[in-house]
Structures are given as structure tokens and as C-alpha cells.
Amino acid sequence: MAFKIKNAPSFLLLLTIFFYTAATIQEGTSSTGGHWVQLQRSIGISAMHMQVMIDNKVIIFDRTDFGPSNISLSHHRCRFNPRDLALKLDCTAHSVLYDLAADTLRPLTLLSDAWCSSGSLAPDGTLLQTGGFNDGYTRLRAFTPCPGRNTCDWRELPGHNLSSSRWYASNQILPDGRTIVVGGRNAFSYEFVPKRNNDASFQYYLPFLKLTRDPNRGEENNLYPFLHLLPDGNLFIFANRNSILFDYAHNKVLRNYPAIPGAEKRNYPSTGSSVLLPLNLTGLNGTRLPDAEVMVCGGAYPGAFSLASKLKMFVEASRTCGRLRVTDLKPEWVMEVMPTPRVMPDMILLPNGNVIILNGAMNGTAGWENAANPVLSPVLYRPGLADPSPRFQLLAPASTPRMYHSSAVLLPDGRVLVGGSNPHRVYDFRAYYPTELSLDAYYPDYMGAEFEHLRPSIVAVEAANNTASYGGVFAVTFSLRVYREGGVGVTLVAPSFTTHSFAMNQRVLVLDVVGVQEVALGAYKVVARGAPSLAVAPPGYYMLFIVHAGIPSAAVWVQVK
């Protein structure tokens with residue numbers, strides 16, 4: 001099928017190829033659930049990267065090499081960078097700090113180009129931000145929260161530069177609190193941040209990254225590889241269609257998993273997404289490791305990038321998801337079909353164990369002007385349902401397309417923050433799919449007023465300094481209007497660094513509940529056992545939710561150590 005789209009100021013013929021039908025909505029699904037609220041009409045920048053911080057603020061940033069943004073730096077400050085490709089003297093901000101409670105913004109100063117970079121939180125809550133483009137290829141940046149003050153800003157760490165250019169790389173927090181940085185364009189290696197003097201090398205060659213790169217120029221299909229730390233301490237790495245179990249400490253591939261079925265490619269620019277499904281510690285008593293299952297959704301077919309970038313022909317995206325129980329003796333992919341095709345999806349784990357799939361397009365790939373047909377309706381995926389047919393549910397549609405260079409993160413109050421979308425080399429507000437500077441929040445249906453009587457409210461965490469120690473038990477008191485027997489759970493959620501459809505370091509732990517008791521009228525205490533090991537829960541700050549009858553509370557921050 002072909003159709004024309006009128007563009008301002010020109011006309012653009014977009015020829016769209018469908019493998020099945022143009023309708024793309026699978027029968028048996030309905031569009032209900034949740035609602036959307038626009039938080040900011042403009043934050044001044046497009047939200048290419050986002051990270052929730054432990055002071056309930058969100059760092060948002062874009063690239064720096066396209067010219068001025070739509071928000072000025074504070075106090076008439078300007079940034080001078082002789083290596084910048086657009087503006088040597090730039091008085092606008094390319095990063096902001098968004099205060100969730102106050103709904104306000106503060107401009108921040110990025111000193112080098114963080115375009116298509118990666119990030120992770122250190123155990124103390126500092127954001128370590130790695131790589132980028134041009135003068136940012138090997139840069140290590142840091143942002144440390146300063147609750148109650150408005151003085152903290154980006155810091156460059158010039159004495160701790162990366163060993164290789166890391167443009168389109170991925171990060172994963174490790175059991176020792178360090179971060180592994182894997183891949184990047186023409187970077188077939190990995191390294192650790194921070195480095196140690198006794199490291200045998202400052203970077204390590206990983207042939208898997210070269211083997212999974214497609215040969216066509218610009219169509220690598222293995223950038224931003226999916227990384228998931230498994231409960232045994234090894235690393236699951238997925239790129240293109242293939243995946244391995246990797247012992248990063250000894251630079252050794254322990255297992256090659258089966259290729260995901262289907263022809264579709266799953267990594268940038270044929271961008272899909274991936275999550276490690278919630279790790280369930282219930283009943284393990286801290287003596288056994290939980291099963292681990294990875295899910296990969298969306299992507300694009302071979303050649304789709306070239307057709308889109310050269311001919312503006314947009315092939316229908318993948319509509320499949322695959323689940324792989326990576327801890328099985330003989331793992332096999334189990335495939336499922338989404339209600340719509342989707343490339344550039346974001347997959348966000350919710351505190352009740354479900355997954356929301358949102359953003360992206362039905363046709364094309366990632367890249368400049370490489371996609372068409374934005375997918376406005378998120379999809380809820382319920383992995384715990386035995387029958388696969390009702391696992392997917394279409395949700396209330398957004399009004400704003402979120403395509404290339406959009407992002408999403410889970411907030412401590414249970415909402416999903418969504419921003420960005422800029423499929424253009426510069427900010428273009430007149431294009432058919434314009435640059436988006438707005439910021440929206442999706443309210444899942446569990447936040448509806450009809451569930452208010454089932455929603456717990458955390459009163460206190462009965463642990464020193466809100467610490468959930470490894471293997472130790474701790475209590476949480478909470479209030480609740482209507483209690484349902486056997487319906488209380490405790491989840492820890494690691495906040496993600498999200499960019500390019502991959503929420504790095506995202507992790508949900510369903511803790512083992514030792515007991516629940518009523519301590520006063522409408523007040524309850526749940527006792528839970530902390531994570532059994534550093535590999536199950538890398539050290540750092542997590543959002544702790546009480547989940548009752550599938551309805552989560554707002555979170556409080558706890559430190560796992």
C-alpha cells in the first residue's frame with residue numbers, strides 16, 4: 001500500500017510496504033486502560049536520554065551539536081567549546097533537571113557532546129554517564145544529586161576517560177558496584193567504569209560484537225546491545241538476533257543461545273527493546289537463585305534501514321516478542337505476537353510485575369526521517385498469565401507521536417514519564433513528524449480512583465537508614481483501607497537510564513514476604529527478606545513499592561548494600 005503525506009513546507013511521498021495489512025490492529029484486543037497528562041508543553045530540549053535520580057528529580061538531556069536549544073542557561077551563562085560542530089559559543093542548555101514534585105525545570109550545562117551515549121547509577125546515587133559523539137566519544141561525566149539545593153551540575157572527569165570511543169554503547173551495573181560498558185559503533189570491546197589499577201587491560205576485545213554486525217553501511221543492527229545481569233553474576237548479551245552468556249571477569253563466552261526465531265533484526269538501527277522479566281524471590285528463602293527470563297520485542301526486517309534512508313520506503317516493523325528462560329538447561333525462545341507492529345518501542349517494567357510497551361512506529365527503522373506511522377497506543381503485557389492470548393492489552397492512546405530519540409522511565413509514584421522524539425538532524429517544528437520538546441505522563445490503570453481503597457500507602461521502612469541488607473529481614477508499615485488476605489507483595493525496582501528504546505539497568509525484584517500483620521485499624525506491617533546476593537541486586541538505590549491486590553503504592557527509596 002502507498003499513500004501521500006502533505007508536509008510543510010514541501011510534499012513528501014512516503015511509500016509504505018506492509019507485509020500483512022494496513023490495519024495492523026490484531027483482532028481480540030481493545031484500547032482501554034490508563035490515561036495521559038501533559039506535564040510540560042516544552043522543556044526546551046528533546047528528551048533523548050532520561051534517568052530518575054534518588055531525590056525524585058529526573059535528568060534529561062539531548063545532544064549538543066545541532067545548534068541552540070529552546071532553553072537558555074541560567075544567569076546569562078554560555079558554554080565555549082571550540083570543538084563543537086554547530087556553535088562554538090552556546091548560551092542554551094542541552095540538559096535539564098526536572099523536579100517531579102514541583103513540576104519545574106532547571107537548565108544544566110553539558111560540556112561535551114553526549115549524543116547517543118549511555119549511563120548508570122553508582123552505588124551512592126551518582127549518575128555516571130559514558131561516551132557520546134565527537135568531543136564526547138571517550139568522555140566520562142558525572143552528576144551527583146544535591147537535595148534541597150540548586151547548585152549541582154554536570155561534571156566532566158577528564159582523568160578518567162574511556163579507553164575506546166563509546167557511541168551507541170550499553171551499560172550494566174555489576175555486583176561490585178562498577179559499570180560494564182559494552183560496544184559502540186566500531187567498538188568491538190568492553191571496559192569497566194571506574195577502572196582499577198589491577199585490571200589486566202583497560203578494554204577487552206569481544207568478538208561477538210563484530211560477528212553480529214551486519215555488513216551494509218549504516219545498518220549494523222547490533223548497536224545498543226541488550227545487557228542483563230543474571231542472578232549467577234554472568235552477563236546476558238543480545239545483539240542483532242543472537243545472544244550469549246558471558247563471563248566478563250574472564251572474557252569468556254559460557255554459552256551461545258539459540259538465535260531468536262524470525263528474520264527480524266532487533267538492535268539499532270532495526271531497534272527493538274528488551275527487559276529482564278521480574279526476578280521472583282518468593283519462597284527461595286535466600287538459599288536458591290531465581291529463574292531468569294529475558295524478553296525481546298519489536299525490531300525491523302533485513303534491508304529496512306537502507307530502504308528507509310535511501311528511498312524513503314518504510315517496511316512494516318516486527319510484531320513479535322520472544323521470551324527466553326536463560327537459566328534453563330536447554331533454553332528455547334517462545335514467540336508471541338503484539339497487537340501492532342512496532343520499531344523503536346520502549347519497554348518499562350511496572351512495580352506490579354507487568355510490562356508496558358510504548359512509543360515507536362509501525363514502519364521503518366531508527367534514524368533520520370526513517371520511520372512512519374507512529375504507534376500511539378501503549379500495550380500492557382502481563383507475563384504471569386498462563387494463557388498467552390490475553391497477555392497483551394491495548395491501552396489508552398497518547399496524542400503525541402514518540403518516534404526516534406524518544407524515551408520513557410518509571411517514576412516513584414508509579415507513573416511512566418515519556419518525552420522526546422526528534423527524527424531530524426536539527427530541531428524541526430514544521431516537519432510532518434516534528435521535533436517534540438513536550439513531556440507527558442502516562443497514568444496506568446492501577447492509579448485510577450476506583451482502586452483507591454486497595455492502594456497501600458507506605459508509612460515507614462523499619463530499617464536503619466532505609467537499608468535493605470543482603471539476606472536480612474526488614475519491615476515496612478503501611479496504611480490500607482481494604483485489606484485482601486494474601487495479596488501483599490514487596491518489590492524493589494532499580495531506576496533505568498533510558499535512551500534509544502533500551503532502559504539500561506532496569507530491574508524488578510519480587511521479595512520473599514515472611515509475614516503480614518495488622519498492627520492497628522487500617523495499619524499493617526509486612527516483613528520481607530532482602531535480596532540474597534550482589535548479583536541478584538547490584539548495590540545501590542532502589543524504589544521500594546508495596547503491592548496489594550496488584551495495586552502498587554508510591555515508592556520510597558531504599559539502599560541495597
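As the structure is a prediction and not an experimental result, all values here were calculated from the model.

Conventions used here
Just so you know, the residues in each chain are numbered from 1, in the order the chain's sequence is written. It should be noted that, the model being predicted, local features are given only for residues of pLDDT at least 70 and side-chain atom pairs only at 80 or more, the latter also being counted only at that level, while totals for whole chains, interfaces and linings use all residues. Heavy atoms throughout the structure, all of them, feed into the side-chain values; hydrogens and water do not. The rule for pairing is simple: two strands pair if DSSP sees at least two bridges between them. Here a strand is any run of E in DSSP of at least two residues, a helix any run of H or I of at least four, and the numbering for each starts at the N terminus. Orientation is described by lines fitted to C-alpha atoms, with helices fitted over the stretch in contact, and by angles between N-to-C directions that extend from 0 to 180 degrees. Accessible area is worked out with a 1.4 Å probe on protein chains only. A residue is then buried under 20% of its type maximum, exposed over 50%, and partly exposed in between. When checking whether two residues touch, look at their non-hydrogen atoms; a contact exists if any pair is within 4.5 Å. Salt bridges are defined as contacts in which a side-chain nitrogen from Lys or Arg sits within 4 Å of a carboxyl oxygen from Asp or Glu. Cavity means a closed set of points on a 1 Å grid over the protein atoms alone, one where a 1.4 Å probe fits but cannot get out, pocket means an open set with protein on both sides within 12 Å along at least 5 of 7 lines, and lining means a residue has an atom within 4 Å of a point. Grid points are joined across faces, edges and corners, and a volume is the space filled by probe spheres set on the points. Three classes are used: nonpolar for Ala, Val, Leu, Ile, Met, Phe, Trp, Tyr, Cys and Pro, charged for Asp, Glu, Lys and Arg, and polar for all others, with Gly counted as polar. Pairs of cysteine sulfur atoms within 2.5 Å are identified as disulfides in what follows. Each aromatic pair joins two rings of Phe, Tyr and Trp (for Trp, the six-membered one) with centres within 6.5 Å, and gets the label stacked for planes under 30 degrees apart, edge-to-face for over 60, and tilted for any other angle. Among buried residues, the Ala, Val, Leu, Ile, Met, Phe, Trp, Tyr and Cys ones that are joined through side-chain atoms within 4.5 Å form a nonpolar core.

A. How the structure looks around the sheet that holds strand 20 (residues 242–247). Taken in spatial order, the four strands make up an open sheet running 18-19-20-21, and their pairing is antiparallel. Of all the strands in the sheet, the pair left with one neighbour each is strand 18 (226–229) and strand 21 (252–256). The average angle at which neighbouring strand axes cross in this sheet is 30°, direction not considered. Where strand 19 (residues 235–239) meets strand 20, five bridges bridge the pair, whose relative direction is antiparallel. Pairing of leucine 235 across the sheet is with phenylalanine 246, part of strand 20.

B. Quick peek at the side chain of histidine 228. Position of histidine 228 relative to the elements: it lies in strand 18. The exposure class assigned to histidine 228 is buried, which follows from its relative accessible area of 5%. Those residues in contact with histidine 228, other than ones at most four positions away along the chain, are Gln172, Asn234, Leu235, Phe236, Ser274, Val275, Leu276, Val294 and Phe502.

C. Structural detail: helix 2 (residues 304–311). Every buried residue belonging to helix 2 is among Ala304, Phe305, Ser306 and Ala308, and all of these are buried. The secondary structure elements touched by the buried residues of helix 2 are strand 25 (313–315). A positive backbone phi angle near 55° is found at lysine 312, which sits one or two residues after helix 2.

D. How the structure looks around the pattern of salt bridges. What the rule picks out here adds up to 21 salt bridges. Where glutamate 220 meets arginine 185, a salt bridge forms, and the shortest distance between an N and an O atom there is 2.6 Å. Within this pair, whereas glutamate 220 is found in the loop between helix 1 (207–211) and strand 18, its partner arginine 185 is found in the loop between strand 15 (179–182) and strand 16 (189–193), the two being separated by 35 residues in sequence. Of the residues examined, glutamate 220 reaches a relative accessible area of 7% and is grouped as buried. Between aspartate 291 and arginine 325 there is a salt bridge, with the nearest N and O atoms lying 3.5 Å from each other. Residue aspartate 291 is located in the loop between strand 23 (279–280) and strand 24 (293–297), and its partner arginine 325 is located in strand 26 (residues 320–325); the two are separated by 34 residues in the primary sequence. Using a relative accessible area of 32% as the deciding quantity, one classes arginine 325 as partly exposed. Within this structure, Arg79, Asp84 and Asp90 form a network of salt bridges that share partners.

E. Focus on the layout of surface pockets. There is about 730 Å³ of room inside the largest pocket. Around the largest pocket, the lining is made up of 30 residues, and of these Pro278, Asn280, Asn352, Gly353 and Val510 lie nearest the centre. Elements supplying a minimum of two residues to the lining of the largest pocket: strand 26, strand 40 (488–494) and strand 44 (512–520). Counted by class, the lining of the largest pocket contains 13 nonpolar, 11 polar and six charged residues. Looking at the second largest pocket, its volume works out to about 390 Å³. As for the second largest pocket, its lining consists of 21 residues, of which Tyr168, Arg185, Gly218, Tyr268 and Phe305 are closest to the centre. Residue composition of the lining of the second largest pocket, by class: eight nonpolar, six polar and seven charged.

F. Representation of the state of the cysteines. Under the definition given, this model contains three disulfides. One disulfide bridge connects cysteine 297 with cysteine 321, the sulfur atoms lying 2.1 Å from each other. As the torsion about the S-S bond is roughly 115°, the cysteine 297-cysteine 321 disulfide counts as right-handed. Here the residue cysteine 297 occupies a position in strand 24, and cysteine 321 occupies one in strand 26, the gap between them amounting to 24 residues.

G. Unusual backbone geometry, seen in detail. The residue after valine 193, namely proline 194, is reached through a cis peptide bond having omega -10°. With respect to the element layout, proline 194 can be found in the loop between strand 16 and strand 17 (204–205). Of the consecutive residues tyrosine 268 and proline 269, the connecting peptide bond is found in the cis state with omega at 5°. Checked against the element boundaries, proline 269 lands in the loop between strand 21 and strand 22 (273–276). The phi torsion at asparagine 134 lies on the positive side, around 60°, for a residue other than glycine. You can see asparagine 134 is positioned in the loop between strand 11 (127–130) and strand 12 (140–143). Overall, the relative accessible area of 17% leaves asparagine 134 in the buried class. The phi dihedral of histidine 405 falls on the positive side, at around 65°, and the residue is not glycine. Residue placement: histidine 405 occurs in the loop between strand 33 (392–394) and strand 34 (406–410).

H. Examining the packing of aromatic side chains more closely. Applying the stated criterion across every chain, the model contains 30 aromatic pairs. Ring plane angle 35° and centroid distance 5.9 Å describe the contact between tryptophan 115 and tryptophan 368, whose orientation is recorded as tilted. Placement of the pair is tryptophan 115 in the loop between strand 9 (104–108) and strand 10 (118–121) and tryptophan 368 in the loop between strand 30 (361–364) and strand 31 (371–374), with a sequence separation of 253 residues. With respect to burial, tryptophan 115 and tryptophan 368 carry one shared label: buried. Seen in terms of ring centroids, tyrosine 190 and phenylalanine 246 are 5.3 Å apart; in terms of plane orientation they differ by 85°. Their pairing is edge-to-face. Here tyrosine 190 is found in strand 16, whereas its partner phenylalanine 246 is found in strand 20, with 56 residues between them in sequence. Phenylalanine 246 carries the same exposure label as tyrosine 190, and that label is buried.

I. Seen up close, the nonpolar core. Formed by 83 residues in total, the largest nonpolar core has its most connected members in Phe143, Phe474, Leu509, Leu544 and Ile546. One finds Leu73, Met295, Leu437 and Tyr442 within the second-largest nonpolar core, a separate group that totals 61 residues.

J. Looking closely at the pairing of strand 48 (residues 556–560). Where burial is concerned, most of strand 48 is hidden: four out of the five residues are buried. Note that strand 38 (residues 467–468) and strand 48 share two bridges and pair parallel. Bridge pairing in strand 48 places threonine 467 opposite glutamine 559. In the sheet, strand 46 (residues 540–548) pairs with strand 48 via five bridges, with the strands oriented antiparallel. Note on strand 48: the bridge partner recorded for tyrosine 542 is valine 558.

K. Layout of empty space enclosed by the protein. The final tally for this structure, using the stated rule, is eight cavities of 30 Å³ or more. Taken as a whole, the largest cavity holds about 130 Å³ of empty space. The wall of the largest cavity is formed by 14 residues, among which Ile173, Ala494, Pro539, Tyr541 and Tyr542 lie closest to the centre. If you tally residues by element for the lining of the largest cavity, the top one is strand 46, at three residues. Classifying every residue of the lining of the largest cavity gives 10 nonpolar, three polar and one charged.

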